[in-house]
Number of protein chains: 2
Amino acid sequence: MQPAATPKLTPKAVQTRQRILDAALDLFAAHGYEETTMRDIAAAAGCSLGLTYRYFASKEDLVLELYRWLIDQLEEQTRLLPAGPIADRFQQLMRGLFAAMVPHRLTLGALFGAALNPRSRAGLFGAEGAEVRRRAQAAYITVVAQATDAPRRLQQVDDLATLLYGVQLALVLFWLQDLRTGSRRTEQLLQLVHDLLRRIRTFLRLPLVAQTLAQLVAIVGPLLGQDDARQDDARQDEATPAE
Amino acid sequence: MQPAATPKLTPKAVQTRQRILDAALDLFAAHGYEETTMRDIAAAAGCSLGLTYRYFASKEDLVLELYRWLIDQLEEQTRLLPAGPIADRFQQLMRGLFAAMVPHRLTLGALFGAALNPRSRAGLFGAEGAEVRRRAQAAYITVVAQATDAPRRLQQVDDLATLLYGVQLALVLFWLQDLRTGSRRTEQLLQLVHDLLRRIRTFLRLPLVAQTLAQLVAIVGPLLGQDDARQDDARQDEATPAE
């Protein structure tokens, strides 16, 4: 995994930071996330504990760095997508993402507990994951809006982007379970999604489909980083003392 | 949480076993699953470590006990469902399940990492979870088959059962994230599912819908415990040395 841009560091510091990150991801994969301590990470990276903390204030920051790297991949691959229908663009993007994730498969599997724990700082759906979700949402808007079969209504572009982001998360979840078949089932599922997306414009002309998509996105969207400006509802939620 | 039937234990032993289980679930909720040791559990239950191991050979067995209890709930509530359409039966079942899970919400959140880790013995989709998946699949076949709008084709009954089981897992996953709105979004999502299921018979008359359901279940079903007898394909997977 290559580091994200870290402008103020010397080349040696960049190297050290990278060594700590690599050691952490290896340890998460080998022993699990919760069981790995910062002390273990420092030892494996051959650094003092103090130095390790200077680069990463906590284990959660190491996880957030992995999320950010994945989003870097998503954005870069989105930029490289050729013109074409939504179905083809999404399929190509997923294949690229899976290829990037293969070396981190065990780490990602080990992180699922933290990623799905809304009380963890490393939670994908918690406060710290907000920027990651916003960037992913923006990338999927590009996937849809620049497709040859993009819907004309902007709201539908946004809704489809949210749908694709949700489908991506579901596919990754499925892929992490799909160890036995060498990812063959994941490829079949991706193909099924492709076949359905090829007809998405036709489907969206059916009032029931258009309406169901809008309802689904209104419910699930806020969790997936859909533009908060449109979610009066979501702001109301913030005020609810439910935690 | 009441214990599953444990015929050979004395009343005192049943009590001790229950105390260990309760202590474990509390500790998982408070400190996370990976971070809790059998030693912690023994201490919290006021037992020796040796005695604790006599009741539960490992931490994973404690998790499997929780899964089994949830499946007991699923089976019991399925038996109590009144006659009616699939949509109503599924909605009532989900409400009952969520009510049963509320006291264990934090524990279930803490267990998601292990539940979704295919390499953990506590993995829902691993070998040890097979009985749980089989029983859940059987319960959902009852939900569909005894509904007033059950499809006539048995294969479609099975496929719908698998679909409902998948939707249940997705709803639980969503509910565990839905802390901010006091589960209001989960209720909205359940209502949307209900509205779609009300039309399921109509939808299944459309060849594209029937075909997509069959394809989806063929891909995802094996993971959800669909009858192995019908999955030649799945047995072929077993032979693949992919792990």
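Further up the page is the structure itself.
Residues numbered from 1 in each chain as written. Chains lettered and ligands numbered in written order. Predicted model: local features only at pLDDT ≥ 70, side-chain atom pairs only at ≥ 80, totals over all residues. Heavy atoms only, no water.

Draft legend 1. Region of the structure containing the side chain of A:Arg135. Residues and elements named next belong to chain A. Secondary-structure assignment places Arg135 in helix α7 (residues 130-145). Classification of Arg135 by relative accessible area gives buried; the value is 13%. In contact with Arg135, other than residues within four places in its own chain, are Arg68, Ile71, Asp72 and Glu75. (Helix = DSSP H or I, 4+ residues; strand = E, 2+ residues; numbered from the N terminus. Buried < 20%, exposed > 50% of the residue type's maximum accessible area, 1.4 Å probe, protein only. Contact = heavy atoms within 4.5 Å.)

Draft legend 2. Summary view of the interface of chain A and chain B. Taken together, the contacts link 42 residues of chain A with 42 residues of chain B. The largest contributions to the chain A side of the interface with chain B come from A:Gln177, A:Arg180 and A:Ile219, which together make up 18% of the buried area. Between chain A and chain B we count zero salt bridges in total. Elements supplying a minimum of two residues to the side of chain A that touches chain B: α6 (105-115), α8 (154-177), α9 (184-197), α11 (207-220) and α12 (232-239) of chain A. In terms of residue count, α11(A) provides more of the side of chain A that touches chain B than any other element does, seven residues in total. (Buried area = accessible area lost by both parts, 1.4 Å probe. Salt bridge = Lys/Arg side-chain N within 4 Å of Asp/Glu carboxyl O.)

Draft legend 3. Highlighting helix α2 (residues 38-45) of chain B. Residues and elements named next belong to chain B. Inspection of α2 places Met38, Ile41, Ala42 and Ala45 among the buried residues, and these make up the whole buried set. Projection of α2 onto a plane perpendicular to its axis shows the buried side chains occupying an angular sector of 100 degrees, all on one side. Those residues of α2 that are exposed and aimed more than 90 degrees away from the buried face are Arg39 and Ala43. Elements that come into contact with the buried residues of α2 comprise α1 (11-31), α3 (49-55) and α4 (59-80). A positive phi of about 70 degrees marks Gly46, the residue just after α2. (Arc of directions from axis to C-beta.)

Draft legend 4. Representation of the relation of the copies chain A and chain B in the model. Superposing chain A onto chain B takes a rotation of 180 degrees plus a shift of 0.0 Å along the axis, which leaves an RMSD of 0.0 Å. Classification of the inter-copy transformation places it as that of a two-fold axis. Rotation axis and chain A: the residue whose C-alpha lies nearest the axis is A:Gly113, separated from it by 1.5 Å. Take the interface residues of chain A: 100% of them recur as interface residues in chain B, which is what a same-surface contact looks like. (Least-squares fit on C-alpha atoms with pLDDT ≥ 70 in both.)

Draft legend 5. Structural detail: helix α9 (residues 184-197) of chain B. For α9(B), with 14 residues, the first-to-last C-alpha span of 20 Å sits near the 20 Å given by 1.5 Å per residue. The complete set of buried residues in α9(B) reads B:Arg185, B:Thr186, B:Leu189, B:Leu190, B:Leu192, B:Val193, B:His194 and B:Leu197. (Expected span 1.5 Å × (residues − 1).)

Draft legend 6. Representation of the packing of α1(B) against α2(B) within the structure. Residues and elements named next belong to chain B. Interaxial distance between α1 and α2 falls to 8 Å at its minimum, and their mutual angle equals 120 degrees. On the basis of the axis angle, α1 is oblique to α2. Between α1 and α2 lies a crossing whose hand is right-handed. Within the contact between the two elements, α1 uses Arg19, Ile20, Ala23, Ala24, Leu27 and Phe28 and α2 uses Asp40, Ile41, Ala44 and Ala45. (Axes fitted to C-alpha atoms, helices over the stretch in contact; angles between N-to-C directions. Parallel < 35°, antiparallel > 145°, perpendicular 65-115°, else oblique. Left-handed = near helix turned anticlockwise from the far one by under 90°.)

Draft legend 7. Broad picture of the packing of aromatic side chains. Residues and elements named next belong to chain A. Summed over all chains, the structure comprises eight aromatic pairs over all chains. With a centroid separation of 5.0 Å and an interplanar angle of 70 degrees, the aromatic rings of Phe28 and Tyr33 are classed as edge-to-face. Comparing Phe28 with Tyr33 shows no difference in burial state: the two are buried. With centroids separated by 5.9 Å and ring planes inclined at 25 degrees, the aromatic side chains of Tyr140 and Tyr165 adopt a geometry described as stacked. Here Tyr140 is found in helix α7, whereas its partner Tyr165 is found in helix α8, with 25 residues between them in sequence. (Phe/Tyr/Trp six-rings, centres within 6.5 Å; stacked < 30°, edge-to-face > 60°.)

Draft legend 8. A look at the pattern of salt bridges. All names here are of chain B. Following the criterion strictly, the structure yields twelve salt bridges over all chains and no others. Here Glu65 and Arg68 are joined by a salt bridge, their closest N and O atoms 3.4 Å apart. One end of the pair, Glu65, and the other, Arg68, are both in helix α4, three residues apart, so they sit about a helical turn from each other. Note on Arg68: relative accessible area 28%, which makes it partly exposed. Put simply, Asp72 and Arg135 hold a salt bridge, and the shortest N to O gap is 2.7 Å. Here the residue Asp72 occupies a position in helix α4, and Arg135 occupies one in helix α7 (residues 130-145), the gap between them amounting to 63 residues. In this structure Asp72 comes out as partly exposed when scored by relative accessible area, which is 24%.

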